[in-house]
Amino acid sequence: MIVIVNTLIKSLTNHGANIIKIIDISELSEAENSGYDKAILIGLTLSPTYLFQLTHENDNVIDSSEFGEKEHQADELAEWAADFICSNGYKAFAQSERNLINGYFNNDTKATLLPHKKIAIMAGLGWIGKNNLLVTKEYGCAVCMCTVLTNAPFPTENKPIIMPRCKTCCVCKNICPSQVIHGTTWEPGINRDTMVDVYHCEGCLKCLVFCPLTQQYMKRNVVK
Ligand code: SF4
Ligand code: SF4
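Residues numbered from 1 in each chain as written. Chains lettered and ligands numbered in written order. Predicted model: local features only at pLDDT ≥ 70, side-chain atom pairs only at ≥ 80, totals over all residues. Heavy atoms only, no water.

## Re helix 1 (residues 2-14)
Over its 13 residues, helix 1 runs 18 Å from end to end, which matches the ideal 18 Å to within 8%, given 1.5 Å per residue. Listed as buried for helix 1 are Ile 4, Val 5, Leu 8, Ser 11 and Leu 12. The buried residues of helix 1 occupy an angular sector of 140° when the element is viewed end-on, so they sit on one face. In helix 1, those exposed residues whose orientation departs by more than 90 degrees from the buried face are Ile 2, Val 3, Lys 10 and Asn 14. Buried-residue contacts for helix 1 involve strand 1 (19-24), strand 2 (38-45) and helix 4 (65-87). After helix 1 finishes, the residue Gly 16 shows a positive phi value of roughly 105°. (Helix = DSSP H or I, 4+ residues; strand = E, 2+ residues; numbered from the N terminus. Expected span 1.5 Å × (residues − 1). Buried < 20%, exposed > 50% of the residue type's maximum accessible area, 1.4 Å probe, protein only. Arc of directions from axis to C-beta. Contact = heavy atoms within 4.5 Å.)

## Some thoughts on the pattern of salt bridges
The full count for this structure, using the stated rule, is six salt bridges. Residues Lys 38 and Asp 37 are paired through a salt bridge, measuring 3.4 Å at the closest nitrogen-oxygen approach. (Salt bridge = Lys/Arg side-chain N within 4 Å of Asp/Glu carboxyl O.)

## A look at the nonpolar core
Core analysis: the largest hydrophobic core is formed by 49 residues, its most contacted members being Ile 25, Leu 51 and Leu 149. Non-local contacts of Leu 149, meaning those with residues more than four positions away in its chain, are made with Ile 25, Asn 33, Tyr 36, Lys 38, Ala 39, Lys 91, Ala 92, Phe 93, Gln 95, Leu 114 and Ile 119. With 23 residues, the next largest nonpolar core counts Leu 8, Ala 81, Ala 94 and Cys 146 among its residues. (Core = buried A, V, L, I, M, F, W, Y, C linked by side-chain atoms within 4.5 Å.)

Here it is as structure tokens:
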């Protein structure tokens, strides 16, 4: 088994994954885990240079190029990982955008049965910010993610959930041009709609880019 895990991790890393976490999801309800007991989170970080461009771009321009590419790349890696696991005799399902259309994504509520974010916080990667995004200490919100559900007996590394560390910060709420971020602090079981009106979000990425933790990551790494 360890050979399969190591091959999987090495291949994902070689193809651009910056974060790979395997966690136990057997304690979740079947409505969430769909009968799988493990989840693999695959994360790709946005480049500091791209974040720098977004920070300084004209207010009317939305450049989602790298964001879109990395989201797509995370999906492709998840689909590849699921195929690899299946070829080794186990069940696996990639929660890619293409696959989620088939009953895993509710278009009315714009919600999935088991969001990547939930898997990320079970892995201890960060917390859910007031912008309803994953916030990590190392990369801020600059992580594109996809996940794979599986029954392969891989070793897992669950961590305690980190409660939000946004404190009194309201940068994302104040910068949102659509005013859809309400400034509510996340807690387990919270109704997402009390945090963000996702139906009127215009996808400008400002709440991601201007989060102080994203800015710290950018400033630490941007090539001057
Ligand atoms: S992406 Fe833009 S519009 Fe959507 S919540 Fe973030 S700041 Fe607001
Ligand atoms: S901008 Fe501030 S309030 Fe919003 S997610 Fe980041 S730290 Fe939290």
